[in-house]
Amino acid sequence: MSKFSSYNFARQKALIRVDFNVPLDKKTFTITDDTRMRAAIPTIKKILNDGGLVILMSHLGRPKEGPEEKSSLKHLVPHLSELLGGTTVLFANDCIGEQAYLTAGMLRAGEVLLLENLRFYKEEEKGDEAFAQKLSKLGDVYVNDAFGTAHRAHASTAVIAKFFPAEKRMFGLLMEGEVSSAEKVLHNSAKPFTAIIGGAKVSDKILIIENLLERATDIIIGGGMAYTFMKAQGGKIGNSLCEEDRLQTATDLLVKAEAKGVCIHLPSDSVIADKFDAAANTSTAPSNNIPDGWLGLDIGANACEQFSNVIKRSKTILWNGPMGVFEMEKFQHGTKVVATAVAEATQGGAFSLVGGGDSVAAVNQFGFTDKVSYVSTGGGAMLEYFEGKVLPGIAAVKD
Ligand code: AMP
């Protein structure tokens, strides 16, 4: 059993760093997507069921100059109580200071206290020690359940951990799930291991591809970034997305892959359009011979088959980034086909991890969320993990 699951929180004040950075309606401040709040509920419930007291801290938005109405966590209180089946949720309009300490002191077993936005203090993002120590005084145990901010060395995500002894700092259930899925893919992958990398820019994905060259057997490259690779190999790509300053990088990655025996799969054909528009005229073309004036906005039928075959024979799959402009109906087929192949491989026993903002959005939009092994909640954190970086939020709790 994990450290968190085996810990008895009875009468303990658990200070939990959650990621409640949810989008709010600009006028009414109502929550427009509560996914991040729902993700933290199992951790909170376990502590409450043990007879513990829960103190939640989070950031929300990007406040620049201290407190502001639109970034106040008070807007989340009613919905949080509802998600917890009517549990009393108190609110402290400061995350440190007298009111926070007094309210935490009044808290009874089975109740929840939500603290005001951590980022109303500049010290949070600066990783200020004194601020972290003040926060730490609120709890007996520190639980980090905010994978979305694990790549930041902020006061509440990393620095605070040192003020708790090793047996009183731990990951929550969400963080445990994220870390164990990511570790399974990166350090314990059954082979063949296929990484599917898509999205707009090569520059965003260079480090992840480089790190995966050490671990994957196959790397599928789709989306807008594929055309930089096509051009680097002498292809004609029309008006497709291209990062001219990354042509050499693309060539270097292909050379490195060959030297390491990693198979890079580029889309042999593309769905092309005469403009970047949902209502554009479309056609198909080899991805390395796109007519002038046209641009590749999705992978073509042959590429769909080529990629599906690779995916279906894989035992481990990592997917980051869509295969085309999936937000437009005419260019979402390739991403759907890849999602279907990942689901099929998963059903056949493969372990599949989907992570990174847009691939998660695509998997949700097409209804594949329950058909893959794990959907990561952390975009930036997940990318940095797969780039091989040590995430401060993980290291601080583990050390
Ligand atoms: P990223 O955030 O780098 O994963 O990129 C995701 C974005 O890439 C999505 O908004 C897609 O619409 C976009 N995208 C995918 N394929 C293409 C393409 N062929 N041309 C232009 N944009 C694309």
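> Could you give an account of the overall build of the protein chain, naming the residues involved and the relevant values?
A tally of helices and strands in the protein chain yields 15 helices and 17 strands. For a compact globule of 399 residues, the expected C-alpha radius of gyration is about 21 Å, and the protein chain comes in at 23 Å, within 12% of that figure. Principal-axis analysis of the C-alpha atoms places the extent of the protein chain at approximately 70 × 45 × 35 Å. The buried share among the 399 residues of the protein chain stands at 56%. As displayed, the protein chain has an accessible area near 16800 Å², and 49% of this comes from carbon and sulfur atoms. The averaged location of the 47 negative side-chain charges in the protein chain is 3 Å from the averaged location of its 43 positive side-chain charges.

> An account of the pattern of salt bridges is requested, with residue identities and associated values reported.
The full count for this structure, using the stated rule, is 17 salt bridges. Between Lys398 and Glu183 there is a salt bridge whose closest N-O contact spans 2.8 Å. Placement of the pair is Lys398 in helix α15 (residues 392-398) and Glu183 in helix α7 (residues 173-187), with a sequence separation of 215 residues. Look at Glu183 and you get partly exposed, because its relative accessible area is 28%. Of the charged contacts in the structure, one is a salt bridge between Lys312 and Glu344, with a shortest N-O distance of 3.8 Å.

> Kindly report on the site of the ligand, identifying the contributing residues and their values.
In the vicinity of the ligand there are 14 residues, among which Ala200, Gly224, Gly296, Glu327 and Asp358 approach most closely. A distance of 3.2 Å separates an oxygen atom of the ligand from a polar side-chain atom of Lys205. Measuring from a nitrogen atom of the ligand, one finds a backbone N or O atom of Gly224 at 3.1 Å. Taking 510 Å² as the accessible area of the ligand by itself, protein coverage stands at 81%. Looking at the shell around the ligand residue by residue, the class counts come to six nonpolar, five polar and three charged.

> If you had to explain the sheet that holds strand β12 (residues 282-286) to someone new, which residues and values would you point to?
One open sheet accounts for three strands, arranged β12-β11-β14; its pairing is antiparallel. Only two strands of the sheet have a single partner each, and these edge strands are β12 and β14 (295-299). Here the average twist between neighbouring strands, direction ignored, is 45°. Where strand β11 (residues 269-273) lies against β14, four bridges are found, and the strand directions are antiparallel. By the bridge assignment for β14, Ser270 is matched with Ile299. Sitting on the sheet, helix α11 (residues 301-312) is in contact with β11 and β14, with an inclination near 40° to β14.

> So, unusual backbone geometry: which residues are in play, and what are the values?
The peptide bond linking Lys191 to Pro192 adopts the cis configuration, its omega dihedral lying at 0°. Within the secondary structure, Pro192 sits in the loop between α7 and β7 (193-197). Of note, Arg11 is a non-glycine position whose phi angle comes to about 60°, a positive value. Residue position: Arg11 is located in the loop between α1 (3-6) and β1 (13-17). In this structure, Phe29 is a non-glycine residue whose phi angle is positive, near 60°. Looking at the secondary structure, you find Phe29 in the loop between β1 and α2 (35-49). Residue Phe29 is classed as buried on the basis of its relative accessible area, which comes to 18%.

> Quick rundown of the packing of aromatic side chains? Include the residues and the values.
Scanning all chains against the criterion turns up six aromatic pairs. On the numbers, 4.7 Å between centres and 55° between planes, the contact of Tyr7 with Phe9 is tilted. Neither Tyr7 nor Phe9 differs from the other in exposure class; each is buried. Ring centres 6.5 Å apart and planes at 80° place the aromatic pair Phe326 and Phe366 in the edge-to-face group. Note that Phe326 is positioned in the loop between β15 (316-320) and α12 (333-347) and Phe366 in the loop between α13 (357-365) and β17 (374-375), a separation of 40 residues in sequence. For the pair Phe326 and Phe366, a shared accessibility class is recorded, and that class is buried. Through pairs of rings, three or more aromatic residues link up here, namely Phe4, Tyr7 and Phe9.

> Help me get a handle on the domain arrangement of the protein chain, residues and values and all.
According to the domain assignment, the protein chain contains domain 1 (3-171) and domain 2 (179-386). Each of domain 1 and domain 2 has a C-alpha centre, and the two are 36 Å apart. Tallying the contact residues gives six residues for domain 1 and eight residues for domain 2. When the two sides are added together, the surface that domain 1 and domain 2 hide from each other amounts to roughly 580 Å², 74% of it contributed by carbon and sulfur. Applying the counting criterion to the domain 1 and domain 2 interface returns zero salt bridges. The interface formed by domain 1 and domain 2 includes zero residue pairs in polar contact (both at pLDDT 80 or more).

> Please give an account of the environment of Asn117 that cites residues and values.
Take Asn117: it is sitting in the loop between β4 (112-115) and α5 (122-126). Using a relative accessible area of 1% as the deciding quantity, one classes Asn117 as buried. Aside from chain neighbours lying at most four places away, what touches Asn117 is Ser58, His59, Leu60, Pro63, Ser71, Leu73 and Cys95. Here Leu60 takes part through its backbone oxygen, which lies 2.7 Å from a polar atom of the side chain of Asn117.

What counts as what
Residues numbered from 1 in each chain as written. Predicted model: local features only at pLDDT ≥ 70, side-chain atom pairs only at ≥ 80, totals over all residues. Heavy atoms only, no water. Helix = DSSP H or I, 4+ residues; strand = E, 2+ residues; numbered from the N terminus. Rg over C-alpha atoms; globule rule 2.2 N^0.38 Å. Buried < 20%, exposed > 50% of the residue type's maximum accessible area, 1.4 Å probe, protein only. Areas by Shrake-Rupley, 256 points an atom, 1.4 Å probe, with all protein chains shown as cover. Lys, Arg positive; Asp, Glu negative; His and termini not counted. Charge placed at Lys NZ, Arg CZ, Asp CG, Glu CD. Salt bridge = Lys/Arg side-chain N within 4 Å of Asp/Glu carboxyl O. Near = heavy atom within 4 Å. Polar contact = N/O pair within 3.5 Å; in protein donor to acceptor, adjacent residues only side chain to side chain. Nonpolar A, V, L, I, M, F, W, Y, C, P; charged D, E, K, R; others polar. Pairing = 2+ DSSP bridges. Axes fitted to C-alpha atoms, helices over the stretch in contact; angles between N-to-C directions. Contact = heavy atoms within 4.5 Å. Phe/Tyr/Trp six-rings, centres within 6.5 Å; stacked < 30°, edge-to-face > 60°. Domains from an automatic or database assignment. Buried area = accessible area lost by both parts, 1.4 Å probe.

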